[in-house]
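# Structure at a glance
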Amino acid sequence: MAKKKNTEICIIKAETNNLGVSRQDPGTAGLGLIEPPDNPALLVEVVDNSFVVGGVCEKIATTAASEWTFAEDVSDETKKIFSAVDLEELFLSFFVTGNAYFEKIRNGFGKVVALERFLPQHIRIRWNKDTREREYVYKSGTASQQIIPASDIIHIKTASLKSKHYWSAKMSKCANQVALLAEIDKYYAKVFDNWFFNNKIMVDKGGNMTPEQKDALRAYLTDRAQGLANAFALTILPFDASILNLDDITNVEKFLTYREDLIQSIAIALNVPIDILLPQKASRATKEVSLSELNTDIIWPMQRRALEVLKKSLRKEVPDIDWVGILAIDTKNQLDEMKVLTGYQSAGSMTANEVRAKIGLDAIDGGDELAPQKTTTEMSEVEKTEKTIQKMYDAIYSV
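Residues numbered from 1 in each chain as written. Predicted model: local features only at pLDDT ≥ 70, side-chain atom pairs only at ≥ 80, totals over all residues. Heavy atoms only, no water.

When you go through the protein chain residue by residue, the secondary structure sums to twelve helices and 13 strands. When burial is assessed residue by residue, the protein chain has 34% of its 399 residues classed as buried. Taking all contacts inside the protein chain whose residues are at least 6 apart in sequence as the whole, residues at least 24 apart take part in 64%. Carbon and sulfur atoms make up 54% of the accessible area of the protein chain, which totals about 25,600 Å². (Helix = DSSP H or I, 4+ residues; strand = E, 2+ residues; numbered from the N terminus. Buried < 20%, exposed > 50% of the residue type's maximum accessible area, 1.4 Å probe, protein only. Contact = heavy atoms within 4.5 Å. Areas by Shrake-Rupley, 256 points an atom, 1.4 Å probe, with all protein chains shown as cover.)

Structural data, given as structure tokens:
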């Protein structure tokens, strides 16, 4: 008796070998080039191939990259240095690979005049046997490598249990899951076309067509299927076609359930609220909580760490750097906060300028006076109704 095929599970093949695999990080003098514990190039590729996780990483980077802030004492030269630094690029590299690199660009007098960002996948740390110090090796494509002393590199990272030279990226904990999710979404896009589920598809039974021929045929058939004029047109196909019923090889409900399970495991590994990855299942209340958690667990720590490293690396060369900051993100619901603040203003507890300061607006003339208390003798509708009923009662039962 032939063994019955299992038609309930859709098997997705994902090339996830060697993603985020630990490497040797000796950190010992005399061993030359030191590889990071996680492969940054593969991490970037995995994230770039997943529109779900890639989109979340971009959202996190965009949220963290609010804007630079400068106190009045900051010089124009310092403002120019930092204004040219793209915060979104910084935080995207930092979150995905765990590392961000900047080279100090100096003028002819040795003064720092700019910061140039390096992509993490192109940077390696090397131990110089002669000077017995660390140096950075930049190599991109076929260009010759560039050796940069550690004193000219700003390396933004946090502590790691794997390495004392690099930070281990959170993304490495779920790289395989992210790659598998990307493969599932590719399959998902083929199964669902124009937002309708097509349970039957046409396939090349003999397997003789090339991918280019299949793409050309798909475009041709799509064009022929449009309009009433082609409703009864006859098309001759240049291959042995057959119809494949997808219900025979996959269970859509289990397919989508497994996809959600993957997303939840990725959210846990990245310490990202699940509502950020599955917004369609979130309510307004849970979204606000998720945004607050995202700020507390991801955004603010990244902003603080970046500022700490920048200030520590540049304090001797840019004296006024301590007056440079990054605008903190506030995830409060602006409409609800406005209602509360205007309520305080109407009650005479806050002035107009105090309210404006809370929401980041400049003061206005005459806005420092408290609003006068409103007094009224007009009865409410409830009071009017109660008084009418009382009159009727008195008229009926009066002696």
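Further notes follow.
Let us look at empty space enclosed by the protein. In this approach, a probe sized like a water molecule rolls over the atoms, and the result shows the empty space that is left. In this structure the tally under the stated criterion is one cavity of 30 Å³ or more. What the largest cavity holds in volume is close to 80 Å³. Lining the largest cavity are 14 residues, with Pro36, Asp38, Pro40, Thr97 and Asn99 sitting closest to its centre. When residues of the lining of the largest cavity are traced back to their parent elements, those giving at least two are helix H1 (40–49) and strand E5 (123–128). (1 Å grid on protein atoms, 1.4 Å probe; cavity = no way out; pocket = protein on both sides within 12 Å on 5 of 7 lines; lining within 4 Å. Points joined across faces, edges and corners; volume = space filled by probe spheres on them.)

As a further point, take the side chain of Asp320. Here Asp320 shows up in the loop between helix H9 (284–314) and strand E13 (324–326). At 8.4 Å, Lys111 is the nearest oppositely charged side chain to Asp320, a buried residue that forms no salt bridge. Among the polar contacts listed, one links the side chain of Asp320 to the side chain of Thr78, at a separation of 2.7 Å. Not counting the four nearest positions on each side in its chain, Asp320 is found in contact with Asp73, Val74, Ser75 and Thr78. (Lys, Arg positive; Asp, Glu negative; His and termini not counted. Salt bridge = Lys/Arg side-chain N within 4 Å of Asp/Glu carboxyl O. Polar contact = N/O pair within 3.5 Å; in protein donor to acceptor, adjacent residues only side chain to side chain.)

Moving on, we come to the nonpolar core. Ile60, Trp68, Phe91, Phe95, Leu115, Ile156 and Met171 are the most contacted members of the largest nonpolar core, which has 62 residues in total. In contact with Phe91, not counting residues within four places along its chain, are Ala61, Ala64, Ala65, Met302, Gln303, Ala306 and Ile326. (Core = buried A, V, L, I, M, F, W, Y, C linked by side-chain atoms within 4.5 Å.)

Glancing now at helix H4 (residues 87–97). A large share of H4 lies buried, amounting to eight of its eleven residues. By the burial criterion, the buried members of H4 are Leu87, Leu90, Phe91, Ser93, Phe94, Phe95, Val96 and Thr97. Between the side-chain oxygen at the start of H4 and the backbone nitrogen of Glu88 there is a gap of 2.9 Å, and the oxygen is on Asp86. Immediately downstream of H4, the backbone of Gly98 shows phi near 85°, a positive value.

Moving on, we come to the confidence of the model for the protein chain. Note: predicted coordinates in regions of low pLDDT should not be interpreted at a detailed level. Summarising the model, the protein chain shows a mean pLDDT of 75, and 67% of its residues fall at 70 or more. Of all the helices and strands in the protein chain, strand E10 (residues 196–197) carries the lowest mean pLDDT, 49, while strand E3 (residues 100–106) carries the highest, 93. (pLDDT = per-residue confidence, 0-100.)

Burial analysis of E5 places five of its six residues in the buried class, the great majority of the element. In terms of strand pairing, strand E1 (residues 33–34) meets E5 through two bridges, oriented antiparallel. Within E5, the position partnered with Ile34 by the bridge is Ile125. Pairing analysis gives six bridges linking E5 to strand E6 (residues 133–138), with the strands arranged antiparallel. Its bridge partner lying in E6, Arg126 is registered against Glu135. Counted along the chain from E5 to the antiparallel partner E6, the turn is four residues long, and its residue Arg132 has a positive phi close to 55°. (Pairing = 2+ DSSP bridges.)

Turning to the side chain of Thr78, a few remarks are in order. Looking at the element boundaries, Thr78 is found in helix H3 (residues 76–83). Look past the residues within four positions of Thr78 in its chain and what remains in contact with it is Val318, Asp320 and Val324.

Another aspect to go through is the pattern of salt bridges. One pass over the structure, following the stated rule, counts nine salt bridges. Its salt-bridge partner being Glu317, residue Arg106 comes within 2.7 Å of it at the nearest N-O pair. On the criterion of sequence distance, the pair formed by Arg106 in strand E3 and Glu317 in the loop between H9 and E13 is long-range, its members being 211 residues apart. A relative accessible area of 30% places Arg106 in the partly exposed class. Residues Arg126 and Glu135 are paired through a salt bridge, measuring 2.5 Å at the closest nitrogen-oxygen approach. Taking the relative accessible area as the measure of exposure, Arg126 reaches 26% and is therefore partly exposed. Classification of Glu135 by relative accessible area gives buried; the value is 9%.

By the definition in use, this model includes four aromatic pairs. Relative to Trp167, the ring of Phe94 has its centre 5.4 Å away and its plane inclined at 50°; by these criteria the two rings are tilted. Here Phe94 is found in helix H4, whereas its partner Trp167 is found in the loop between strand E8 (153–156) and helix H5 (175–191), with 73 residues between them in sequence. Among the residues examined, Phe94 registers a relative accessible area of 2% and is labelled buried. On the basis of relative accessible area, Trp167 is assigned to the buried category, the value being 16%. (Phe/Tyr/Trp six-rings, centres within 6.5 Å; stacked < 30°, edge-to-face > 60°.)

This brings us to the sheet that holds strand E4 (residues 112–118). Strand order in this open sheet of three strands is E4-E3-E8, and the pairing throughout is antiparallel. The two strands at the open ends of the sheet, each matched to only one other strand, are E4 and E8. Going from strand to strand, the sheet's axes swing by 25° on average, the running direction of each strand aside. (Axes fitted to C-alpha atoms, helices over the stretch in contact; angles between N-to-C directions.)

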